[in-house]
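Examining the three-dimensional arrangement
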Amino acid sequence: MEVRELKTLLVLMRDYGLVELEIEDKKGKVRLVRAGGRASVDATEAGSQAHLAVRAASPIKMAMRHVEATEEEGSKAAGRIELAPNQKLIESPMVGTFYRAGSPDAAPFVEEGSSVRKGQPLCIIEAMKMMNEIESPAAGRVIRIIAENGNPIEYGQPLMIIEVT
Amino acid sequence: MFKKMLIANRGTIAIRIIRACRELGISTVAVYSTADKNALHVRMADESVCIGPPAAEDSYMNIPAILSAATTFGADAVHPGYGFLSENGDFAEACQRSGLNFVGPRARHIRLMGDKPRARRIMKRAGVPVLPGSEGTGVTELREAQADAKRLGYPVLIKAAAGGGGKGMRVARDAAELTRLFPQAQGESELSFNSRKMYLEKYLKHARHVEFQILADLHRNAIHLGERDCSIQRRHQKLIEESPCPTLTARLREKMGKAAVRAAEVVGYSNVGTVEFLLAGSGVFYFIEMNTRIQVEHGVTEMVTGVDLVKESIRMAMGERLGLKQRQVKFDGASMEFRIYAEDPERHIPSPGVVTNHHPPGGLGVRVETALYDGYRVPVQYDPLIAKLIVHAETRVEVIARAKAALREYVIDGIKTNIPLHLKILHDPDFNRGEFSTDFLTRYEPAQPDAAHHAPVSKAS
């Protein structure tokens, strides 16, 4: 792919607020990632003379992905929580009701201060009478439980903070 | 009476539904994707719930997320608006199963009318004229399409059996074009509707798109609220709609209106719906399809009949009886709607961005339906329809004058819109005479090939 074409794509990405762009056609594939003004390019091309024809008639596969949790995005409740580099925010992957235990009379899965293994259940989001266990993404310690037991939860709403060990 | 309505939509129609609910004393729950955090419908509703990431299939078309939001936040009814899940029979059924009242027709009517070849068969049997086209359940193989085209004579229109909104639709002028375009249309249908089933219709070059608004209750009463002429369209996407149709005689209106009501009655349809016809120059008309939801252009019918269609859709869903009989429907003056898109008017490509200044026009007979506000960022992920200007006056001539004044007054800074194109159309002599057909806008197509690179973005409605 020629530099001129890459430049055009980068301008388009900036104008449309795209962070990642992947284009693939018969001749090859290019993936552009833009992060905070920096741009990285990685391309695999089928032939040395490969070039990209940007027209709808040719089968171009475009994958567009937007960054989550920038100031523009993320649910209303998110965004104002400061995290140390070794801390992970657990956000709800779905809309539903937040439960800290598997049943009303069972003990909570975790408390603040509990140590957790990777994959250990942290809580439940009930959506349409389905109990969805939310697992810890890493081994560490629960340092804060943000959501209240039994409360309705939005997509992307902060539930807990885990300190990764 | 419903207590709490979840609005499974965004943009102008979500605002429209929130307003109707307020008047009826129903509280509202807005749902939104992370890209719509700052959208007006989120701010206007009594409660709002984030249901997923920007991609529509993960948020506004995510049935489990929407049902979970409705049940978790205690809604007892769901309004689908237009686009997204509004014509999804599975969604209507899932709502009912979850104990939620779906504001729209029954799931089986959505499915029936969504299967276009089947709808054509039923209409034909009921004596509603349909365009000559593929018989039976449709075609999946090119050779079947070739045989149909040969029988119909070119040009033919290739359509998706599960289609809508111009997707999976192509005009073929000869056998070579059919061979080339059929697989294209089929591919689009597969992508958009997950269906390879297509059908052909005879393509009428100089026909008008005239549709009738239907209102039907759950007690088998149905009326029509007159027609809308939606011939001003670009690649099967409507741009300007008006009521009444400038060339329809009272006699033809009555005949077409009866056919539209019959189309609804024969299947036992309920709630709001629209029966679309093609009207040939000779006064011959053909059923094309029925849309089983509120339309984008419902406003023009509201202006000339005084009936609030969104409130009616909610009342009908609550089981209320129709308050109007056909002879009580009175038509007052003329109305036009101008769809304002965030797009470059020259090249017809989307123009998302921040609206730095929004000043909508006002005055007698001027109505603006929009979700814009100063500082709002028009997201790239969704339909570029950002506002609808609806104008009402005593006569069509006055409507055009009023529309010109209103469009000149409308300020939307920061992004490009198609307002200049609307003004061009309003100055077109043929448009002023009311003499146009669905191919009218081809005269305003850009000369450069850029626009052809962009598939139609907006939803059909």
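Residues numbered from 1 in each chain as written. Chains lettered and ligands numbered in written order. Predicted model: local features only at pLDDT ≥ 70, side-chain atom pairs only at ≥ 80, totals over all residues.

A word on the overall build of chain B
Quick reminder of the rule: Put simply, DSSP H or I for four residues or longer makes a helix, DSSP E for two residues or longer makes a strand, and each gets a number counted from the N terminus. The reference for a compact globule is 2.2 Å times residues^0.38; the radius of gyration itself is calculated from the C-alpha atoms. Our exposure labels follow a C-beta count within 10 Å of each residue's own C-beta, placed from the backbone: buried means 20 or more other C-beta atoms, exposed means 12 or fewer, and partly exposed covers the counts in between. We call two residues in contact if the C-beta atoms placed from their backbones are at most 7 Å apart.
A tally of regular secondary structure across chain B gives 14 helices and 20 strands. For a compact globule of 461 residues, the expected C-alpha radius of gyration is about 23 Å, and chain B comes in at 21 Å, within 12% of that figure. Buried residues in chain B amount to 54% of all 461 residues. Across chain B, every contact between residues at least 6 apart in sequence was considered, and the portion connecting residues at least 24 apart equals 67%.

Observations regarding the domain arrangement of chain B
All names here are of chain B. What counts, and what does not: For the domain bounds, the source is a domain assignment made automatically or taken from a database. When residues are grouped by polarity, Ala, Val, Leu, Ile, Met, Phe, Trp, Tyr, Cys and Pro land in nonpolar, Asp, Glu, Lys and Arg in charged, and all others, Gly among them, in polar.
In terms of domain boundaries, chain B breaks down into domain 1 (4-103), domain 2 (132-202) and domain 3 (207-453). Between domain 1 and domain 3, the C-alpha centre-to-centre distance is 23 Å. Contacts between domain 1 and domain 3 engage 25 residues on the former and 23 residues on the latter. Of all the secondary-structure elements, those providing two or more residues to the side of domain 1 that touches domain 3 are α1 (11-24) and α2 (40-44). With 8 residues, the single largest contributor to the side of domain 1 that touches domain 3 is α1. Residues of the side of domain 1 that touches domain 3, tallied by class, amount to 12 nonpolar, 8 polar and 5 charged.

So, the sheet that holds strand β4 (residues 77-79) of chain B
Residue and element names in this part refer to chain B. To keep things clear, this is the line we draw: At least two bridges found by DSSP between two strands are what make those strands a pair. In this description, a line fitted to the C-alpha atoms serves as the axis of each element, helices being fitted only across the stretch in contact, and the angle between N-to-C directions of two axes falls anywhere from 0 to 180 degrees.
A sheet is described by the order of its strands in space; here 5 strands give the open sequence β3-β2-β1-β4-β5, paired in parallel fashion. Of all the strands in the sheet, just β3 (47-52) and β5 (101-102) have a single pairing partner and so form its edges. By the bridge criterion, 4 bridges tie strand β1 (residues 4-7) to strand β2 (residues 27-33) in an arrangement that is parallel. Residue pairing in the sheet places Lys 4 in a bridge with Ser 27 of β2. Across the sheet, helix α3 (residues 63-72) lies against β1, β2, β3 and β4, angled at about 150 degrees from β3, the strand it touches most.

Observations concerning the confidence of the model for chain A
Residues and elements named next belong to chain A. Convention followed: Note: pLDDT gives the predictor's confidence per residue, expressed from 0 to 100.
Counting all residues, the mean pLDDT for chain A is 74, and 70% of those residues have values of 70 or more. Across chain A, the element-wise mean pLDDT spans from 29 in strand β4 (residues 61-65) up to 97 in strand β7 (residues 115-116). pLDDT under 50 marks residues 36-78. Its contacts with residues more than four places away, or in other chains, come to 84 contacts.

A word on the confidence of the model for chain B
Per-residue pLDDT for chain B has a mean of 94; in total, 97% of the residues score no lower than 70. Among the prediction metrics, the complex's ipTM stands at 0.77, with pTM recorded as 0.83.

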